[in-house]
Every structure is written in structure tokens, then in C-alpha cells.
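Each chain, written out:
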Amino acid sequence: MKRKISRFVSERESELPGAMIVKLLKIAEESKDIISLGPGEPDFVPDKPITDFAAQKLKEGFTHYSPAQGRLELREALAKKLKKENKINVEPGEIAVTCGSQEAIFLALACTVDPGESVLIPDPGFLAYRPCVELLNGSAEPIELKEEEGFQITGEAIKKAIVNSSRTKVLIINSPGNPTGAVFGRKTLEEIADVAVEYDLTVLSDEAYEKFVYKGKHISFASLNGMKERTMSFHSFSKSYGMPGFRVGYVSGSRELIEAITKIHPYTTLCSPTVSQEAALAALGGPQKWVEKIVSDYDRRRKFIVKSLNEIRGFHCFEPEGAFYAFPRIDFKSGGKKMTSLQFCEWLLKEAKVACVPGTEFGKFGEGFVRFSYATAFGKIEEAMERVEKAVKRLKS
Ligand SMILES: Cc1ncc(COP(=O)(O)O)c(C=O)c1O
């Protein structure tokens, strides 16, 4: 533990790094001339019938608490969705609805990890995994995802990350991946399954970007033979339906773990907002064509940004097949020295007025990479790429 910096805050809090992304996004928001390719949220809003339905429900008095496990009608609809779309056979009793999938991940870790135990996390990976584990006094062990392996998790990399197998009980995977955009194919998932069985790991499968797959198909880890029993799957309305502010996500898994989550949910937020659960029900029950249209529009942006970055000297961009991020490797020098990801992002913000996120926000193996989100209007992405190209001409690589 580091020295405590204030008598008012805990050592636990003072140990956590402040997210650079928050600082960058604040700067980007405050200056109107900056184009931000930083955010991790979609730029579209839910289809009008969804928001109309939510507004109507508010008028009808859906302003009370909901059950900690989530409203039964919604869980019934989710069980159908999970069976049909994800090939995960769960009953409504094996699902809990939470304030976004973020809360579900935290609750699942609280229910599976004891202090001093280790959790294997992808690196580069979603920036909340490590703090969540550390807030629970667990230890986060990074699994290196390599660009030359298409940022897929390999069985070998998982084994290498295990420091003490008797203290390692949980493995987090994320496909489609943030920040890499990698989508895990069946071969990768089967390799993960083999290691999960060998080391008797509970797998937390974060599938928040399940709808944003541009090549091939999204495969849920729990749908693999024999994996349902050891897997907790996390899904969300935030990205799929453009509803991040509604705060609705859900976790499915064994009845035992879902009951454990339901037991502690009253001590975090108690329930996902009741009106938001109604909106989620409307999103699931309504037509899905509008989501498909958005995904195909995101695909156009994806192709454009990847091509543009690869045409600019100093960038090498792996082709992401999912989510809404491009995660290029950078090679630029300043004052004769190679720039770090953070130095480059700060430089770009100042010189090109374009905000992106340093790869190190996503773990130590993210050094040498930056993340550009393409969940932004096409015209803005075009202008951002022009600005980046013009600015980096002044740098050596
Ligand atoms: C990989 C991943 N998982 C989970 C989340 C949490 O999303 P939410 O809590 O809105 O469902 C995010 C948000 O950015 C994410 O990128």
C-alpha cells in the first residue's frame, strides 16, 4: 500500500489510479474546437417508441423500487433472448438485472473472489476490470493480448498469467473487445474452455458489444459444450440499444451465483431503475431493424477509420471485427525519443485538437497503442483523420 494522502480517504481509494480518459474527455467537452474520438458510448439515441414507452411508464407511476433481481417480465423476455440469440439456456431465475453490466461485473466479482485471490484479466482490456478486483482486495493478473495474434486470448497466455493456481479462481474474457475490437472465434473460445476446465476457473464473459460484430458471428462463451455451469455472461442495453444513461444490464449464470448477486444487490444500488427496466422491455419487444441499420453504419465508419489510419505514416491499425474502436500501434518520435502512448495523445490533443485514449489506460500491454472510437458522426471522423494526418507530418517516426 502507498502512503495515505489524506486522512479523509481510504488507502484503497488512494491506491486507485485516476482514469486519464476522464481528464481527456473533460478537456474535449470543454473546448468546442476539439473532435473527441475518446468516448466509449454510442452516439445514437434509442428508437422513439422506446423513449415514448418509458415516458408513458413514468406518467403511470413506475417510479418505485423494483425487486433486487430485476422485474420478472423483463427477466422472462431476457431468458427468451438469451436462448434465441446467444444459445444460452437459462431460466428467468438464472438472470439478474443490474445498473448496467458494469454493476453486474462488480457484484459477480464480489460473489466469487475472496481477499487475496487472483482474477485473470485481459490486457489491454476494459479499464474497469482491475479497479473492480482491487476494490475487493483481490489481485488482478494481466493476460497479454498480442497484436500479432489478432488480440485473441491464447491458452498459453492464460497459463502464463497464473501466478498461483490455488488462489486463482476467476477469468474475465471480453469479446467483442474493448479497446482492441477483436472478436473471439470458436477456436479461441474452445482454447479458453480447455484452460478453464484444467484450472477449474469461473469465467466471467463480458459481451457488452455483442451486437457490434461486422465479420462472422458473435459466439457466447456459455453456449459452448459444458461451459454454462462455470460461466457468468454479461450483456447490456447500453451499447446495443444506445441506452447507456438508462443503466440496464444483466448477468446470467448458475442459480447459486445469481442468488448470491441478488443477495448483495440491495447493498449497492438495490435495483436498476424501474422505468429503465420498462424501457429495456420495450427495446427487446420492438422491431430490431433500426439496430441493424446502425451497426451497418458503424461498419462504414470502421472501414473508413482503419483505412485512413493505415494510410498515415506512423500508424499501423489491426482490423477490428467488432465493438466500435480502432486500436492502432503508433511509432512517433519527439526530441529523438519514441513517444509513449500518453505523450502522443497529449500532443495530438494540443496540435490536432483530436482526442483519443492512450493504450496504457487499458493496461501495461497497451503501451505503444492508442484507441480511437468511431461512435461519432462520419463527417467528424473524416475531419479528425485529416487533422491527424496534417499534424503527424511534423513528427518523425
Ligand atoms: C467491455 C465493457 N464492458 C462493460 C461496460 C459497461 O457498460 P454498461 O455498464 O453501460 O453496461 C463497458 C462500458 O464501456 C465496456 O466497454
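What counts as what
- Residues numbered from 1 in each chain as written.
- Predicted model: local features only at pLDDT ≥ 70, side-chain atom pairs only at ≥ 80, totals over all residues.
- Heavy atoms only, no water.
- Domains from an automatic or database assignment.
- Contact = heavy atoms within 4.5 Å.
- Buried area = accessible area lost by both parts, 1.4 Å probe.
- Salt bridge = Lys/Arg side-chain N within 4 Å of Asp/Glu carboxyl O.
- Polar contact = N/O pair within 3.5 Å; in protein donor to acceptor, adjacent residues only side chain to side chain.
- Helix = DSSP H or I, 4+ residues; strand = E, 2+ residues; numbered from the N terminus.
- Nonpolar A, V, L, I, M, F, W, Y, C, P; charged D, E, K, R; others polar.
- Axes fitted to C-alpha atoms, helices over the stretch in contact; angles between N-to-C directions.
- Left-handed = near helix turned anticlockwise from the far one by under 90°.
- Buried < 20%, exposed > 50% of the residue type's maximum accessible area, 1.4 Å probe, protein only.
- Pairing = 2+ DSSP bridges.
- Near = heavy atom within 4 Å.
- Expected span 1.5 Å × (residues − 1).
- Phe/Tyr/Trp six-rings, centres within 6.5 Å; stacked < 30°, edge-to-face > 60°.
- Lys NZ or Arg CZ within 6 Å of the ring centre and 35° of its normal.

## Quick look at the domain arrangement of the protein
For the protein, the assigned domains read domain 1 (11-45 + 290-392) and domain 2 (60-285). Its C-alpha centre places domain 1 at a distance of 25 Å from the equivalent point of domain 2. Contacts between the two partners involve 34 residues from domain 1, matched on the other side by 33 residues from domain 2. Roughly 3000 Å² of surface becomes buried between domain 1 and domain 2 when both sides are summed, with 66% attributable to carbon and sulfur atoms. On the domain 1 side of the contact with domain 2, Phe 318, Glu 321 and Phe 365 bury the most area, a combined 22% of that side's loss. A salt bridge links Glu 319 to Lys 215; its shortest N-O distance comes to 3.2 Å. Scanning the region where domain 1 abuts domain 2 turns up 15 residue pairs in polar contact (both at pLDDT 80 or more). At six residues, helix α11 (residues 289-311) tops the list of elements feeding residues into the side of domain 1 that touches domain 2. Its residues placed into classes, the side of domain 1 that touches domain 2 shows 19 nonpolar, five polar and ten charged.

## Observations regarding the packing of helix α4 (residues 72-86) against helix α10 (residues 274-285)
Where α4 contacts α10, the two axes come as close as 10 Å, and the packing angle between them is 35°. Crossing of α4 over α10 shows left-handed handedness. On α10, the residues touching Glu 73, Leu 74, Ala 77, Leu 78 and Lys 81 of α4 are Gln 277, Ala 280, Leu 281 and Leu 284.

## Overview of the pairing of strand β16 (residues 370-373)
Taking every second residue as pointing to the same face, both faces of β16 are buried, with Val 370 and Phe 372 on one and Arg 371 and Ser 373 on the other. Summarising the sheet, strand β10 (residues 325-326) and β16 pair through two bridges and their orientation is antiparallel. Bridge pairing links Tyr 325 to Ser 373 in β16.

## Some remarks on the site of the ligand
The environment of the ligand is made up of 13 residues, and the closest members are Ser 101, Asp 206, Ser 236, Ser 238 and Lys 239. Note that an oxygen atom of the ligand is positioned 2.9 Å from one of the side-chain N or O atoms of Asn 178. In the environment of the ligand, an oxygen atom lies 2.8 Å from a nitrogen or oxygen atom belonging to the side chain of Tyr 209. Of all the elements, helix α5 (residues 100-112) adds the most residues to the shell around the ligand, at three residues.

## Quick word on the sheet that holds strand β15 (residues 357-358)
The sheet built from three strands is open, its strands ordered β10-β16-β15 with antiparallel pairing. Looking at the sheet topology across the chains shown, the edges are occupied by β10 and β15.

## Overview of α10
Here α10 is twelve residues long and its end C-alpha atoms lie 17 Å apart, about the 16 Å a rise of 1.5 Å per residue gives. With respect to burial, α10 is a largely interior element, eleven of its twelve residues being buried. Among the residues of α10, those classed as buried are Thr 274, Val 275, Ser 276, Gln 277, Glu 278, Ala 279, Ala 280, Leu 281, Ala 282, Ala 283 and Leu 284. Where α10 is buried, its residues touch α3 (48-59), α4 and β2 (95-98).

## Focus on the sheet that holds strand β5 (residues 168-174)
What the seven strands build is an open sheet, ordered β2-β8-β7-β6-β5-β3-β4; its pairing is mixed. Both edges of this open sheet fall to β2 and β4 (139-144), since each of them pairs with a single strand only. Adjacent strand axes in the sheet meet at a mean angle of 20°, parallel and antiparallel pairs treated alike. Where strand β3 (residues 118-123) meets β4, six bridges bridge the pair, whose relative direction is parallel. Looking at the pairing, Pro 122 lines up with Ile 143 of β4. Across the sheet, helix α9 (residues 255-264) is in contact with β2, β7 (231-236) and β8 (249-252); its angle to β2 comes to roughly 30°.

## Re unusual backbone geometry
Cis geometry marks the peptide bond from Asp 123 to Pro 124; its omega dihedral reads 5°. Positionally, Pro 124 belongs in the loop between β3 and α6 (129-135). A cis amide bond, omega 10°, links Asn 178 with the succeeding residue Pro 179. Within the secondary structure, Pro 179 sits in the loop between β5 and α8 (186-198). Here Phe 151, not a glycine, exhibits a phi torsion of approximately 55°, which is positive. In this fold, Phe 151 is placed in the loop between β4 and α7 (155-161). On the accessibility criterion, Phe 151 (1% relative accessible area) is buried. Phi at Lys 353 is positive, roughly 55°, even though this residue is not glycine.

## Some remarks on the packing of aromatic side chains
Under the criterion given, the structure shown has 24 aromatic pairs. Measuring from ring centre to ring centre gives 5.2 Å for Phe 212 and Phe 324, while their planes differ by 90°; the resulting arrangement is edge-to-face. Here Phe 212, found in the loop between β6 (202-206) and β7, pairs with Phe 324, found in the loop between β9 (315-316) and β10; they are 112 residues apart in sequence, far enough to count as distant. The exposure class assigned to Phe 212 is buried, which follows from its relative accessible area of 0%. A relative accessible area of 0% means that Phe 324 is categorised as buried. Taken together through their ring pairs, the aromatic side chains of Phe 44, Tyr 209, Phe 212, Phe 237, Tyr 241, Tyr 250, Trp 290, Tyr 298, Phe 324 and Tyr 325 make up a single cluster. Taking NZ or CZ as reference, Arg 300 lies 3.9 Å from the ring centre of Phe 378, over its face.

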